[in-house]
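Commentary on secondary and tertiary structure
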Amino acid sequence: MTDITSEKAGPGRSRSTTELVRQGLARRNRKQKLLQGFGIAAILFALSMLLVLVGSLLSTGYPAFTQTHLRLEVFVDPDKVDPDKLKRGKYEEMLAASLGAYFPDVDMSSRTASREVTQLLSSGAEFNLRDRVMADASLIGKTITIKVPASDNFDQLNKGLIKRDTPEENRRLDDAEIARFDTLDAAGVISTPLNTTLITSADSRFPELAGLKGALVGSFWALLVCFVVSFPLGIGAAIYLEEFAPKNRLSDIIEININNLAAVPSVVFGLLALAVFLNWFGMPRSAPIVGGLTLALMTLPTIIIATRAALKAVPPSIREAALGVGASKQQVVFHHVLPLAMPGILTGTIIGLAQALGETAPLLLIGMNAFITSAPTTPFDSATALPTQIFIWADSPERGFVSRTSAAILVLLTFLIMMNATAIYLRSKFERKW
Amino acid sequence: MDDLEAINRDVDTNASKISARHVQVHYGDTHAIKDVDVDIMERSVTAFIGPSGCGKSTFLRCINRMNDTIDICRVEGDICIDGEDIYDRNIDPVQLRARVGMVFQKPNPFPKSIYDNVAYGPKIHGLARSRADMDEIVERSLRRGAIWDEVKDRLHEPGTGLSGGQQQRLCIARAVATDPEVLLMDEPCSALDPIATAQIEELIDTLREKYTVVIVTHSMQQAARVSQKTAFFHLGSLVEYGDTDEIFTNPKDSRTESYISGRIG
């Protein structure tokens, strides 16, 4: 009898359990769906924001990737250039004479009339001609074809950024100027090739002559200094703290302070660098060496934290195995733990460097936002960096800098993406399973 | 039964290799090992058994000073190998661990080739004079680890690609590569299947010819199968130590009897 009742109670109880589970199931599934929905919505939102950002940068930045040029036939007048003093030639007048040929009704001997025509050209045009002649003095007395950049306003007109239907009094170019441009355009002089100046020259007051070379080279030197200083220091500090330091109050304090340092606003590091490197050590202002040292101060905590995490992730069994065969602690670290931690360390380092590449505030304080028209050749020369160059250009009133600022941001983002891609590649390449 | 008696006679003629006196171990505030005295015989297998947390692994790790790597761990008392105090100031743990090899619970080959796994110990201690010398050491060690035939054609493949049992035998080969006198094994079969376990046990029995083997095990059957001497630990104390068949057939202490018959553990 008792057997039968227990048999009945058994399935009965289990049925009610199933029942209870089924009742709650719909609610549980709904909650899970809701959570998934939130996740997908968040990702879509982030993606759309990214698209908006990149889209707006591309739409404002793309005109900067081309530049309006004029192709002129220039007679290199022997009367206007002394073969012994090629640098001092009157190249501007040669260009004016060449340009004047398209405007027979303009009296090129009159200064004001001539100026109205030559303002089509960038003020850098004469230097293009000068460089050509200086490279090859045999050109004197010949007629050569040369491509020179148009000045910013006409560049903007050509790209449609200065609208022809704007009332004349609100336009930067009057009708006569536009007419002169159209005359040249009709003559087939105007072309819009790729703007190589953006990469090959340094900063300039004139947008059509301004480029990122100084900033790229400056950023390169600064990052190199930053890497050379922060990588060995960071790894050394992390190895000591993680593997050798006794666990006591002092090492706890050091650890807390390293974590705090990682959270210190970057401008504070700039002030520190200004006080210590520039004022106390008397290092050169605006130099990538100082920029690199400042960025190294900032990157150091990132590298230490990433390295410690990577060292901690190496399974203790590997350490025990090495200790067990009689390796000293130093051998355990350098033969086994460090190689296994390397992918994580490299990833952390590259991410730290990518952060440093985009850092602006500390560089402003040590003067890397100066107006410098030549690219640095050593880390001790004055230079700008990519983010500070963007800062300078964003602050400039010329129309041409609007698109160039966006273009420079795109260049910076390209470098950041490349660095992060390298980090991912290194991580997957050196990752080992155990 | 005859076999066991033969082994016992064998053991009795052996000298004591490791002798521990008044060993105390503290982990912070925890008193993990309480006043343990033990003499471990040369060229024999000694098993440490006892319930989880009884201190048998802790005591094993005192013998090669592996506990030194744990900051909060303090070891008191004397442990001598061949009459020499291993906790003496003049003894470097590195030197000691070349003499006292260790095999761990989970197979832990380095993520390197099979060859490099075995060659690592001899390399850091400078035991091989030439490449040929090293090749010989690696082959001899792998043969002692009873794994040579399985890996001789793929010495340069990663050691982590082997099966669990093969990995553990590779670890044994790695441990014997430095030609130690003592081999410590911390539950070497607990992560292995029965077939791999049987292979390792067979190997342990042959290792006894050259080495003094100390094995920590959870399995009483294993202790009975491989060891000549057994020590039973309970709550940090050495409760009973004696010939294995004595301990299993005729334990003197009631706690030992309870553990063996499955009442505590």
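Structure report, in brief. All figures in this text were calculated on a predicted structure; none of them were measured in a lab. Position numbers for residues count from 1 along each chain, tracking the sequence in the order it is written. Written order decides the labels, with chains lettered from A and ligands numbered from 1. A pLDDT threshold of at least 70 governs which residues receive local features in this predicted model, and a stricter bar of 80 or more applies before side-chain atom pairs are shown or counted, although totals over entire chains, interfaces and linings include all residues. Derived side-chain values reflect all non-hydrogen atoms in the structure, with water molecules and hydrogen atoms excluded from consideration.

**Digging into the overall build of chain A**
Cut-off, in case you're wondering: The secondary structure listing takes helices from DSSP runs of H or I that are at least 4 residues long and strands from runs of E that are at least 2 residues long, numbered from the N terminus. For the radius of gyration, the atoms used are the C-alpha atoms, and the globule rule reads 2.2 Å times the number of residues raised to 0.38. Whether a residue is buried, partly exposed or exposed follows from its accessible area with a 1.4 Å probe, protein chains only, as a fraction of its type maximum: under 20%, in between, or over 50%, in that order.
Counting its secondary structure elements, chain A contains 16 helices and 3 strands. Relative to a compact globule of 434 residues, whose C-alpha radius of gyration would be 22 Å, chain A shows 33 Å and is clearly more extended. Overall, chain A is about 125 × 60 × 35 Å in size when its C-alpha atoms are taken along their principal axes. Looking at the 434 residues of chain A, the share that counts as buried comes to 43%.

**Re the overall build of chain B**
Inclusion rule: The contact definition used throughout considers only heavy atoms, calling two residues in contact when any of these lie within 4.5 Å. Areas reported here follow the Shrake-Rupley algorithm with a probe of radius 1.4 Å; residue values treat only the protein chains shown as occluding. Working convention for charge: Lys and Arg count positive, Asp and Glu count negative, and His plus the chain ends are omitted. In this description, the location of a charge corresponds to atom NZ of lysine, CZ of arginine, CG of aspartate or CD of glutamate.
Looking only at helices and strands, chain B has 11 helices and 10 strands in total. A globule of 265 residues ought to have a C-alpha radius of gyration of about 18 Å, and chain B, at 18 Å, matches this closely. Oriented by its inertia axes, the alpha-carbon framework of chain B measures out at about 55 × 45 × 35 Å. Looking at the 265 residues of chain B, the share that counts as buried comes to 54%. When contacts within chain B are restricted to residue pairs at least 6 apart in sequence, those whose partners lie at least 24 apart make up 67%. Accessible area of chain B: about 11700 Å², with a carbon and sulfur share of 45%. When the 31 basic and 43 acidic side-chain charges of chain B are each reduced to a single mean position, those positions are 4 Å apart.

**Side note on the packing of helix H8 (residues 213-244) of chain A against helix H15 (residues 386-394) of chain A**
Think of two packed helices as two axes; the pair is described by the angle between the axes and how far apart they sit. Residue and element names in this part refer to chain A. For clarity, the threshold we go by: Fitted lines through C-alpha atoms give the axes, limited to the stretch in contact for helices. The angle between two N-to-C directions lies from 0 to 180 degrees. Residues are sorted three ways: Asp, Glu, Lys and Arg are charged, Ala, Val, Leu, Ile, Met, Phe, Trp, Tyr, Cys and Pro are nonpolar, and all the rest, Gly among them, are polar.
Between H8 and H15, the shortest axis-to-axis distance is 8 Å and the interhelical angle comes to 150°. Of the residues in H15, those in contact with Ala-215, Leu-216 and Ser-219 of H8 are Leu-386, Pro-387 and Gln-389. Residue classes in the contact of H8 with H15 are distributed as 4 nonpolar, 2 polar and no charged.

**Some thoughts on the packing of aromatic side chains**
This is how the line gets drawn: Pairs were defined over the aromatic rings of Phe, Tyr and Trp, the Trp ring being its six-membered one, requiring ring centres within 6.5 Å. Orientation was assigned from the angle between planes: stacked under 30 degrees, edge-to-face over 60, tilted for the rest. Lysine NZ or arginine CZ positioned within 6 Å of the ring centre and within 35 degrees of the ring normal marks a charge as sitting over the ring.
One pass over the full model with this rule turns up 11 aromatic pairs over all chains. For the pair Trp-393 of chain A and Phe-401 of chain A, a centre-to-centre distance of 5.6 Å together with 35° between the ring planes defines the contact as tilted. Neither residue differs from the other here; Trp-393 of chain A and Phe-401 of chain A are each classed as buried. Seen in terms of ring centroids, Phe-110 of chain B and Tyr-120 of chain B are 5.3 Å apart; in terms of plane orientation they differ by 75°. Their pairing is edge-to-face. Of this pair, Phe-110 of chain B sits in the loop between strand E6 (100-103) and helix H4 (114-125) while Tyr-120 of chain B sits in helix H4, and the two are 10 residues apart along the sequence. The rings of Phe-277, Trp-280 and Phe-281 of chain A are connected pair by pair, giving a single aromatic cluster. For Arg-174 of chain B, the ring lying beneath its charged end belongs to Phe-110 of chain B, and the centroid distance is 4.5 Å. Taking NZ or CZ as reference, Lys-229 of chain B lies 5.6 Å from the ring centre of Tyr-241 of chain B, over its face.

**Description of the pattern of salt bridges**
One side chain can pair with another of opposite charge once the charged atoms of both are near each other. Residues and elements named next belong to chain B. Operational definition: Here, a salt bridge means any Lys or Arg side-chain nitrogen found within 4 Å of an Asp or Glu carboxyl oxygen.
For the structure shown, the criterion picks out 29 salt bridges over all chains. Its salt-bridge partner being Glu-246, residue Lys-252 comes within 3.8 Å of it at the nearest N-O pair. Overall, the relative accessible area of 69% leaves Lys-252 in the exposed class. The class for Glu-246 is partly exposed, based on a relative accessible area of 35%. Beyond isolated ion pairs, a larger network of salt bridges with shared partners links Lys-17, Asp-82, Glu-84, Arg-99 and Glu-181.

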